[in-house]
Amino acid sequence: MLPPVRCFTCGAPLGHLWPEFKRRVESGEDPEKVLDELGVKRYCCRRTLYTAITYIERVASFDSPKTREIRLRMYTVPVRSVGVEK
Ligand SMILES: [Zn+2]
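Residues numbered from 1 in each chain as written. Predicted model: local features only at pLDDT ≥ 70, side-chain atom pairs only at ≥ 80, totals over all residues.

Before going further, it helps to examine the overall build of the protein chain. The helix and strand tally for the protein chain stands at five helices and zero strands. Taken from the N to the C terminus, the helices and strands of the protein chain come in the order α-α-α-α-α. A separation of at least 24 residues holds for 55% of the contacts in the protein chain among residues at least 6 apart in sequence. (Helix = DSSP H or I, 4+ residues; strand = E, 2+ residues; numbered from the N terminus. Contact = placed C-beta atoms within 7 Å.)

Written out as structure tokens, the structure reads:
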């Protein structure tokens, strides 16, 4: 439901990579290339990011407008607020 914070298998932090991964894949880039460029090398971590299904937006659509606004603000991370150092 929520973006993965850590790899389910090895525990490596992945949450900071999610916004860029999602944005680039949704814009049509190859997920394999994006994962390579983000430096995600382990299969378990690649699987965790690649197979993550977030449906917080769908759940929030059933809320009242005020609750939806609060929920989306809590769980949707703006891409610019996440600093991925390169
Ligand atoms: Zn892992």
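So, about the nonpolar core. Residues Leu14, Leu17, Trp18, Phe21, Val34, Leu35, Leu38, Val40, Cys45 and Leu49 constitute the largest nonpolar core, which totals ten residues. Among the elements of the structure, α1 (18-26), α2 (31-38) and α3 (43-50) are those that each provide at least two residues to this core. It is α2 that contributes the most residues to this core, three residues altogether. Contact partners of Phe21, with chain neighbours within four places excluded, come to Val34, Leu38 and Leu49. (Core = buried A, V, L, I, M, F, W, Y, C linked by C-beta atoms within 7 Å. Buried ≥ 20, exposed ≤ 12 C-beta atoms within 10 Å, placed from the backbone.)

Tracing the backbone through its elements, the reader meets Tyr50 in helix α3. C-alpha separation for the pair Tyr50 and Pro31, spaced 19 residues apart in sequence, amounts to 7.3 Å.

With respect to the helices and strands, the residue Arg71 is situated in helix α5 (residues 65-75). It is 8.3 Å that separates the C-alpha atoms of Arg71 and Ile56, two residues lying 15 residues apart in sequence.

What follows is about the packing of α1 against α2. One way to put it is that α1 packs onto α2 with a least axis distance of 10 Å and a crossing angle of 150°. Considering the angle they form, α1 stands roughly antiparallel to α2. Regarding α1 and α2, the two cross each other, and that crossing is right-handed. Here α1 contributes Glu20, Phe21, Arg24 and Val25 to the contact with α2, which in turn contributes Pro31, Val34 and Leu38. A breakdown of the residues in the contact of α1 with α2 according to their chemical character gives five nonpolar, no polar and two charged. (Axes fitted to C-alpha atoms, helices over the stretch in contact; angles between N-to-C directions. Parallel < 35°, antiparallel > 145°, perpendicular 65-115°, else oblique. Left-handed = near helix turned anticlockwise from the far one by under 90°. Nonpolar A, V, L, I, M, F, W, Y, C, P; charged D, E, K, R; others polar.)

This part takes up the confidence of the model for the protein chain. This prediction gives the protein chain a mean pLDDT of 83; 84% of its residues lie at or above 70. The least confident element of the protein chain, judged by mean pLDDT, is helix α4 (residues 56-60) at 71; the most confident is α2 at 96. (pLDDT = per-residue confidence, 0-100.)

What follows covers α2. In an α-helix there are 3.6 residues to a turn, and that puts residues three or four apart on one side. Every buried residue belonging to α2 is among Val34, Leu35 and Leu38, and all of these are buried. Down the axis of α2, the buried set is contained in an arc of 95°. They therefore lie on one face. For α2, exposure combined with an orientation more than 90 degrees from the buried face picks out Glu32, Lys33 and Asp36. Note on α2: the residue one or two positions beyond its end, Gly39, has a positive phi of about 85°. (Arc of directions from axis to C-beta.)

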